[in-house]
Amino acid sequence: MEFRHLRYFLMLAEELHFGRAAQRLSISQPPLSLNIQQLEASVGAQLFNRNSRGVQLTAAGLAFVPAARALLAQAGAAAQQARDVAEGQSGQLSIGFAGTMLYCGLPQILKGFQASHPRLRLVLRELSSAEQLSELMRERLDVGFVHTPRVPPGFEHILVASQPLVACLPASHPLAGAASLGLEALTGQDLVVVSRTVSADYHERILLLCEQAGWMPPVVHELRHWLSVVSLVSQGLGVALVPQALQQSALAGAVFVPLREVDVRYDTRCLWRSDRDQTALKDFVLAVQGDGLRG
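Analysis parameters
- Residues numbered from 1 in each chain as written.
- Predicted model: local features only at pLDDT ≥ 70, side-chain atom pairs only at ≥ 80, totals over all residues.
- Heavy atoms only, no water.
- 1 Å grid on protein atoms, 1.4 Å probe; cavity = no way out; pocket = protein on both sides within 12 Å on 5 of 7 lines; lining within 4 Å.
- Points joined across faces, edges and corners; volume = space filled by probe spheres on them.
- Nonpolar A, V, L, I, M, F, W, Y, C, P; charged D, E, K, R; others polar.
- Patch = residues over 30% accessible without salt bridge, like charges linked within 9 Å, V, L, I, M, F, W, Y side chains within 5 Å.
- Areas by Shrake-Rupley, 256 points an atom, 1.4 Å probe, with all protein chains shown as cover.
- Salt bridge = Lys/Arg side-chain N within 4 Å of Asp/Glu carboxyl O.
- Helix = DSSP H or I, 4+ residues; strand = E, 2+ residues; numbered from the N terminus.
- Phe/Tyr/Trp six-rings, centres within 6.5 Å; stacked < 30°, edge-to-face > 60°.
- Buried < 20%, exposed > 50% of the residue type's maximum accessible area, 1.4 Å probe, protein only.
- Pairing = 2+ DSSP bridges.
- Core = buried A, V, L, I, M, F, W, Y, C linked by side-chain atoms within 4.5 Å.
- Contact = heavy atoms within 4.5 Å.
- Axes fitted to C-alpha atoms, helices over the stretch in contact; angles between N-to-C directions.
- Parallel < 35°, antiparallel > 145°, perpendicular 65-115°, else oblique.
- Left-handed = near helix turned anticlockwise from the far one by under 90°.

**Quick notes on the layout of surface pockets**
Then, number 1: Taken as a whole, the largest pocket spans an internal volume of roughly 180 Å³.
Then, number 2: What lines the largest pocket is a set of 16 residues, among which Ala98, Gly99, Arg224, His225 and Trp226 lie closest to the centre.
Then, number 3: Its residues assigned to classes, the lining of the largest pocket shows seven nonpolar, seven polar and two charged.

**Considering a nonpolar patch on the surface**
Then, number 1: Together, Met1, Val43 and Leu71 make up a nonpolar patch on the protein surface, roughly 240 Å² of accessible area in all.
Then, number 2: Mapped onto the fold, Met1 is located in the segment before α1 (3-15).

**Here's the deal with the packing of aromatic side chains**
Then, number 1: Following the criterion strictly, the structure yields six aromatic pairs and no others.
Then, number 2: Summarising the aromatic geometry, the rings of Phe113 and Phe284 are spaced 5.2 Å apart at their centres and angled 85 degrees between planes, so their arrangement reads as edge-to-face. Here Phe113, found in helix α5 (residues 106-116), pairs with Phe284, found in helix α9 (residues 279-291); they are 171 residues apart in sequence, far enough to count as distant. Here the two residues Phe113 and Phe284 agree in accessibility, since each one is buried.
Then, number 3: Aromatic ring contacts, followed pair by pair, group Phe9, Phe48 and Phe64 into a single cluster.

**Quick look at the pairing of strand β2 (residues 54-57)**
Then, number 1: Sheet topology places strand β1 (residues 48-51) next to β2; four bridges connect them, and they run antiparallel. Following the sheet pairing, Phe48 is matched in β2 by Leu57.
Then, number 2: As consecutive antiparallel partners, β1 and β2 are separated by two residues.

**Things to note about the nonpolar core**
Then, number 1: Of all hydrophobic cores here, the largest spans 59 residues; its most connected members are Leu93, Phe145, Val242 and Phe284.
Then, number 2: For this core, the element with the most residues is strand β6 (residues 155-170), which contributes seven residues.
Then, number 3: Sequence-distant contacts of Val242, that is, excluding residues within four places in its chain, are made with Pro164, Leu165, Val166, Cys168, Trp226, Val229, Val230 and Phe256.
Then, number 4: Counting residues in hydrophobic clusters, the runner-up holds 19 residues, among them Phe9, Ala13, Phe48 and Val55.

**Re the packing of α1 against helix α2 (residues 18-25)**
Then, number 1: Closest axis-to-axis distance for the α1/α2 pair is 8 Å, and the angle between their directions is 130 degrees. As the angle between them shows, α1 and α2 are arranged oblique. The crossing of α1 and α2 is right-handed. In this structure, α1 contributes Tyr8, Met11, Leu12, Glu14 and Glu15 to the contact, and α2 contributes Phe18, Arg20, Ala21, Arg24 and Leu25.

**Description of the environment of Leu209**
Then, number 1: Its location among the elements puts Leu209 in helix α7 (residues 200-212).
Then, number 2: Along the chain, Leu209 and Pro118 lie 91 residues apart, while their C-alpha atoms are 46 Å from each other.
Then, number 3: Apart from the residues within four sequence positions on either side, Leu209 is in contact with Leu165, Leu183, Val262 and Val264.

Now the structure itself:
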């Protein structure tokens, strides 16, 4: 049974006349008759009665009409779905991001992209940079927003934000009202930092900055999220060096002071596998390039 057979059957069922049905199908009558015979052989039942008075549907033919319509409708829907996915208008796009991205313009990017791709399902997953890299390598993510200066082989990327680190201090700290400060001013104080397992690059960079400034923190609190870092600082349990965008968190009890003579930037890259051939992914990357993120 072929879809052509179903179309021919439904046309003949509507016209109940071989000549008129063939004309509407833009074929001659013999091929129509042959296709109906082939369909009846495939179904294993006579679908039409043919006599001198014309053509009539049999009981089997009447029962077959809604089924044939449903089959053609399903085939049409499947074909349309395939076209939509190929054109990036349907299907699913899995996007990884670290929590700080919520303060770097990512929600606006997502909102604009979703408006232009209303039938495309965006699946958001908040993960650390290390977790995103692992999921991207396993092809469980289509694209990620990672904080790392190093891009693994086999990946494409664009730098979407680069922001300075700032000092995050409790509101009660003596330096909370300073216009800026050097790291040596924080010597002897406890440090709150994002965990090495979450962001190894920036964990090591922050500790190195402290060492270079002669500040060897007596206690280092390691947390999984930058917002948790800011929250702990706001409770007076240490100080931290955090990405500037976290100022927008407006967390009560925490203040942010620019750092002097610190040239380390907190870079954000949009990252995806080089071998990923997906129209929706290409469209999303173009949206990120076009709108940009705040840094």
